[in-house]
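# Structural characterization, general
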Amino acid sequence: QVQLVESGGGLVQAGGSLRLSCAASGDIFSINAMGWYRQAPGKERELVARMSSGGSTNYADSVKGRFTISRGDAKNTVYLQMNSLKSEDTAVYYCNLKNYGLKINAGDYWGQGTQVTVSS
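What this report covers is the structure whose coordinates are included nearby.

### A short note on the state of the cysteines
Per the stated rule, a full pass over the model turns up one disulfide. Each disulfide pairs two cysteine sulfurs, and for Cys22 the partner residue is Cys95, the sulfurs being separated by 2.0 Å. Between Cys22 and Cys95 the sulfur-sulfur dihedral comes to about -85°; the bridge is accordingly left-handed. Within this pair, whereas Cys22 is found in strand 3 (residues 18-26), its partner Cys95 is found in strand 9 (residues 91-99), the two being separated by 73 residues in sequence. Since its relative accessible area comes to 2%, Cys22 is described here as buried.

Below, the structure is given as structure tokens:
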């Protein structure tokens, strides 16, 4: 099993910045990906940004150039630096870890979610 603990959400004015953090513990595979998803009211959960254990990244088009994902040296933490925030970024942000493989504990794990609210 894997546990994810998020922090860093809050209320910010449009144009401002926030930094989200997520720490993972438990059975973290050597081949994995960590990232952030978000879900706004009435909408489906969507990928915001993800980084693999090998360092490759992908971002939603809506956040490219504004958000930056990074991982800590120990590879069990992931950060999301969010700049130039817009009202449409308002959502609950969820940390995700995906363990790749066929062993027990492979699969997706989710944090509890942290609210990000951008006021216009």
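### Describing the environment of Gln3
With respect to the secondary-structure elements, Gln3 resides in strand 1 (residues 2-7). The residues contacting Gln3, other than those within four sequence positions of it, are Ala23, Ala24, Ser25 and Gly26.

### With respect to the packing of aromatic side chains
Scanning all chains against the criterion turns up one aromatic pair. In this structure, Arg19 is placed above the aromatic ring of Tyr79, and the distance from its NZ or CZ to the ring centre is 4.2 Å. The ring of Phe29 has Lys103 sitting right over it, with the charged end atom 4.6 Å from the ring centre.

Here is what the cut-offs are and how they apply
- Residues numbered from 1 in each chain as written.
- Predicted model: local features only at pLDDT ≥ 70, side-chain atom pairs only at ≥ 80, totals over all residues.
- Heavy atoms only, no water.
- Disulfide = S-S within 2.5 Å.
- Helix = DSSP H or I, 4+ residues; strand = E, 2+ residues; numbered from the N terminus.
- Buried < 20%, exposed > 50% of the residue type's maximum accessible area, 1.4 Å probe, protein only.
- Contact = heavy atoms within 4.5 Å.
- Phe/Tyr/Trp six-rings, centres within 6.5 Å; stacked < 30°, edge-to-face > 60°.
- Lys NZ or Arg CZ within 6 Å of the ring centre and 35° of its normal.

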